[in-house]
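Here's the letter readout for the chains.
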Amino acid sequence: LKYHERALRSVHHHPRYPLFASSSDDGSVHVFHGMVYDDLMRNPLIVPVKVLKGHHEIRNKFGVLCIKFHPTQPWIFSGGADGVVHLYQDI
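Heads up: these notes are all about the structure in this document. This is a predicted model, so every value here is computed, not measured.

**A closer look at the sheet that holds strand β4 (residues 45-52)**
One open sheet holds the four strands; their spatial order is β1-β2-β3-β4, and the pairing between them is antiparallel. Either end of the sheet is taken by a strand with one partner, and the two such strands are β1 (8-13) and β4. Averaged over all adjacent pairs, the angle separating strand axes in this sheet is 20 degrees, with direction ignored. Relative to strand β2 (residues 19-24), β1 runs antiparallel, the two sharing five bridges. Each bridged residue has a counterpart across the sheet, and for L8 the counterpart in β2 is S24.

In structure tokens form, the structure reads like this:
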């Protein structure tokens, strides 16, 4: 993924929706819509949806360390090196 400015730390997909997200040491979480086709000759579709920036403090060059989607809702939990856990509900 070339959307982050620093090292990628976590990638997670939603179990129900065609969404996946990535977190990075730049302090941001990127949300994408993804679709893989049955035809293997056709490239997968990856559309950026939103950039979430709740972790403002980067400690020891670490930003957002982990992300996890809620099992039934389109919500993302993120944990950062700043010791804060965020819940993003407006994806």
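**Overview of the pairing of strand β5 (residues 64-69)**
Direction of pairing for β5 relative to strand β6 (residues 76-80): antiparallel, over a ladder of five bridges. Its bridge partner lying in β6, V64 is registered against G80. In this structure, the hairpin formed by β5 and β6 is closed by a connection of six residues.

About the thresholds
Along each chain, residues carry numbers from 1 onward, in the same order as the chain's sequence is written. In keeping with the predicted nature of the model, local features appear solely for residues at pLDDT of at least 70, side-chain atom pairs appear and are counted solely at 80 or more, and the whole-chain, interface and lining totals rest on all residues. Side-chain descriptors were evaluated using all non-hydrogen atoms of the structure, hydrogens and water having been removed beforehand. Here, strands pair whenever DSSP counts at least two bridges between them. The numbering of helices and of strands both runs from the N terminus, where a helix is a DSSP run of H or I of at least 4 residues and a strand a run of E of at least 2. The axes used here are C-alpha line fits, helices contributing only the stretch in contact, and every angle between their N-to-C directions lies in the interval 0 to 180 degrees.

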